[in-house]
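Commentary on secondary and tertiary structure
Here's the letter readout for the chains.
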Amino acid sequence: MGRLAAPWRRTGGARGTRDFLTVFRVAWRADPWHVTQALACAIVAAGNPAVQVWLMAALTRSFIEAATGRSDLRGVFTALAMMAAAGLIAQLLSMVQTRAMQRCQSQLTAHLSGRIVDRAIRLTLVQAEDHQVQDALQRATREVGFRPGMLLQQMVQLVGQVSGFAAVGVVLFSLDYRVALLAMVAPLPTLVAQILAGRRGYALEHARSADRRRLAYWQQLASQPEPLKELIALRLGPLVAGRHSAVLARVVREDQALAGRNFRQGVPLAVVAAVLTFVAQVVAVLVTVGTAGIVNMFAVIQGIVALQSNVQQILSSLSNAYLNQLYLRSVMGFLALPEAGVTEGTLAFPSRLERGVELREVTFTYPGTELPAVRDLSVTLRPGETTAIVGLNGAGKSTLAKLIGRLYEPTAGEILVDGKPIHAFTIDSLRDRVAFVFQDYVRYQFTVADNIELGAEGAEGAEGAAVPRPAVRRVAEAVGMAAYIDALPQGYHTQLGKVFEGGVDLSGGQWQRLAVARGLIREASVRVMDEPTAAIDVVTEASLLDVLTEAAPGRVNVLIGHRFSSVSRAERILVLSEGRLVEDGSHDELMRMDGVYADMYKTHVLAPDPAVP
Ligand SMILES: Nc1ncnc2c1ncn2[C@@H]1O[C@H](COP(=O)(O)OP(=O)(O)OP(=O)(O)O)[C@@H](O)[C@H]1O
């Protein structure tokens, strides 16, 4: 998966600048008026320090004239009033800027968050299962909430600060260029310290992604009702808390070490900065004392202070922007994750199959593993019949199911649909025509109707629909849930699950029946059901199996199961062992063969699964 990780490992100024500009471009496109407003306010308000230097000179002059009896105090009061007015205007501008920035920032965050979700839903299953991709997604999701917004704010501030710097610089240079130069150089050591600290902080956070995910996982275990139930029952609380705090202790140790290094490096650089500032002020006094008199000296000293604080603000914004830009790479890196390059053709996946799905010497090895999960498997799944797949745990049944539905691509061999390579069909039409009931189905915290309707092709959910479609009722009846749903407080519009307010929770078997209903509602030509009745009681299972194994002309039915009550009904049974197809035939044929299947069947019948209700 090194190829996938490449984009966010790339470093360098060009990339940083590009990310910087991307943020600005996105904000500008989203809301040009408020970006302009924020920039204009920042530039105008930036003139304030220069105005204050100028007013200070006027104030000193008026004060000396009043003190020496050459005029009254009106000039002093006027200068003070102007200083207050300039300060107030700067303050008001900053408030307008803040308001404009907040609007821009929230639009920027919303836009980039949306793009992260868009990219995440286009991941292939192999990518989504890759821990590096999971780390990257987690980093991007964490950073997108505030980094781009902060970066935008720092960019606007920088524009204002640079304008202010130019204004004060002009005033100071006009007074004495040596003082101006010294005042500008003095804060540079502080910048160096900030940048080094920022880089170290980023490197640490980056290396810590896996730990962050572990922490989030432990926290989730301790806070979600499902795992919490097992934690309480098995008294696993101390174990979870122990592992959580062990990771946290490591995080704290690393943070402390980082703070120590930053401090040790920051102190000498701060001393150098202070010495340079002192030298600048001494030079200011020396050059003004003999030539320009007290008025200019005050102005120069204030100019130095203003310029220094300005330069410091610029440096601080630059180093913060640099740091935020480093973190922003997590967001941009995830967005730039290469598309997996899934090849697809232009053909529409058939709504009725004639020759079925043929696997030719298909092998599949999970990335990062040595042994293939499916090996050299050749078989044709015929339409109009149900093919059951059996085998021990880890035999490769679920992997095979995912290969048939093109959730994985074979490492070797090929899959043909009605004689054409599976990649000759468009992915969208394939997804629309292949229905899945997963072993680890999702308990959608939506309404009952949505939980079923989501299975329909091109589903948009039933949200807002006054009454569920007849198809929803039909499949609810098929899975034996119709009467139960009608008795719910809001029928098909009842919110399910514990996550949202007012949700009604279902039993494990009822959730699975809804998952099966999702598989049934789709007009599929391939239906793949991975242990669809594992949590369903035997009475319901019997009637449900009639529906699941119902042969439909033109449809390939694949049923994975451990219960022989279900698999023995299939017209054809494939037996997998360590990824290989070891037996193939009807129940009677396989029993006569007296091989692996017959052994499993006899064991199952003689010692029935205790989990079966
Ligand atoms: N995402 C994955 N990444 C790496 N290896 C995997 C992954 N999923 C499954 N495997 C491995 O592939 C092999 C086949 O797994 P698979 O889930 O297909 O078995 P199965 O026959 O469906 O098992 P079960 O009856 O337990 O559901 C196993 O050795 C498993 O460890």
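Residues numbered from 1 in each chain as written. Predicted model: local features only at pLDDT ≥ 70, side-chain atom pairs only at ≥ 80, totals over all residues.

For clarity, the cut-off: UniProt positions are given in the numbering used here, feature names are shortened, and annotations may be inferred rather than shown by experiment.
As annotated in an unreviewed UniProt entry, the protein chain is ABC transporter ATP-binding protein from Sphaerisporangium flaviroseum. Comment text from UniProt for the protein chain, heading Subcellular location (unreviewed entry), reads "Cell membrane".

1. Topic: the packing of helix H8 (residues 147-175) against helix H9 (residues 177-185)
The line we're drawing: Simply put, an axis is a line fit to the C-alpha atoms, just over the touching stretch for a helix, and the angle between two N-to-C directions goes from 0 to 180 degrees. Helix numbering and strand numbering both begin at the N terminus, where a helix is a DSSP run of H or I of at least 4 residues and a strand a DSSP run of E of at least 2. Any angle between 65 and 115 degrees counts as roughly perpendicular, while under 35 counts as roughly parallel, over 145 as roughly antiparallel, and the rest as oblique. With C-beta atoms placed from the backbone, a contact is any residue pair whose C-beta atoms sit within 7 Å. Asp, Glu, Lys and Arg are counted as charged, while Ala, Val, Leu, Ile, Met, Phe, Trp, Tyr, Cys and Pro are counted as nonpolar; the rest, among them Gly, fall into the polar class.
Between H8 and H9, whose axes approach to 6 Å, the crossing angle comes to 140°. Relative to H9, the element H8 lies oblique. Mapping the contact onto sequence places Gly169, Leu172 and Phe173 in H8 and Tyr177, Val179, Ala180 and Ala183 in H9. Looking at the contact of H8 with H9, its residues break down into six nonpolar, one polar and no charged.

2. Topic: the site of the ligand
So the rule is basically this: Throughout this description, a residue near a molecule or strand is one whose C-beta atom, derived from the backbone, lies within 6 Å of it.
As a matter of local geometry, the ligand sits amid 13 residues, with Tyr366, Ala373, Asn393, Ser398 and Thr399 nearest to it. Residues belonging to the shell around the ligand are distributed by class as follows: three nonpolar, eight polar and two charged.

3. Observations concerning the sheet that holds strand E4 (residues 412-417)
Let me state the cut-off plainly: Only when DSSP finds a minimum of two bridges between them are two strands counted as paired.
Overall, antiparallel pairing links the four strands, which are arranged E2-E1-E4-E5 in an open sheet. Two strands close off the open sheet at either side, each with one partner strand: strand E2 (374-381) and strand E5 (420-421). Sheet strands touched by helix H15 (residues 397-404): strand E1 (357-364), E2 and E4. Its angle to E1, the strand with the most contacts, is close to 125°.

4. Considering helix H5 (residues 74-121)
Selection rule: Take the residue count of a helix, subtract one, and multiply by 1.5 Å to get its expected span. Each residue is classified by how many other C-beta atoms fall within 10 Å of its C-beta atom, where C-beta atoms are placed from the backbone; a count of 20 or more means buried, 12 or fewer means exposed, and values in between mean partly exposed.
When the terminal C-alpha atoms of H5 are compared, their 70 Å separation across 48 residues agrees well with the 70 Å that a helix rising 1.5 Å per residue should span. Burial in H5 covers these residues: Val76, Ala79, Ala90, Leu93, Gln97, Ala100, Met101, Cys104, Gln105, Leu108 and Leu112.

5. Quick word on the domain arrangement of the protein chain
To keep it simple, the criterion reads: What counts as a domain boundary in this text is fixed by an automatic or database domain assignment.
Split by domain assignment, the protein chain resolves into domain 1 (9-335) and domain 2 (357-443 + 506-606). Here the C-alpha centre of domain 2 lies 57 Å away from the C-alpha centre of domain 1.

6. Quick look at the UniProt feature "domain: ABC transmembrane type-1" (unreviewed entry) in the protein chain
Feature annotation in UniProt assigns "domain: ABC transmembrane type-1" (unreviewed entry) to the following positions: residues 38-200. Annotated as residues 38-200, this span is 89% helix and 0% strand, and its ends, taken at the C-alpha atoms, are 32 Å apart.

7. Details of the environment of Ala570
Tracing the sequence through the fold places Ala570 in the loop between helix H22 (564-567) and strand E9 (572-577). On the basis of neighbour count, Ala570 is assigned to the buried category, with 24 C-beta atoms found within 10 Å. Contact partners of Ala570, with chain neighbours within four places excluded, come to Thr386, Thr387, Ala388, Thr549 and Leu559.

8. Brief notes about the packing of helix H4 (residues 48-67) against H5
In a packed pair of helices, the relevant descriptors are the angle between the two axes and the axis-to-axis distance. What counts here: What makes a crossing left-handed is the near helix being turned counterclockwise from the far one by less than a right angle; a clockwise turn instead makes it right-handed.
Running from amino to carboxyl end, H4 crosses H5 at an angle of 165°, the nearest separation of the two axes being 8 Å. Taken together, the axes of H4 and H5 are roughly antiparallel relative to one another. Of the two possible hands of crossing, H4 and H5 adopt the one that is left-handed. Here Asn48, Val51, Gln52, Leu55, Ala58, Leu59, Ser62, Phe63, Glu65 and Ala66 of H4 lie close against H5, whose contacting residues are Gly75, Val76, Ala79, Leu80, Met82, Met83, Ala86 and Ala90. Of the residues in the contact of H4 with H5, the class split is 13 nonpolar, four polar and one charged.

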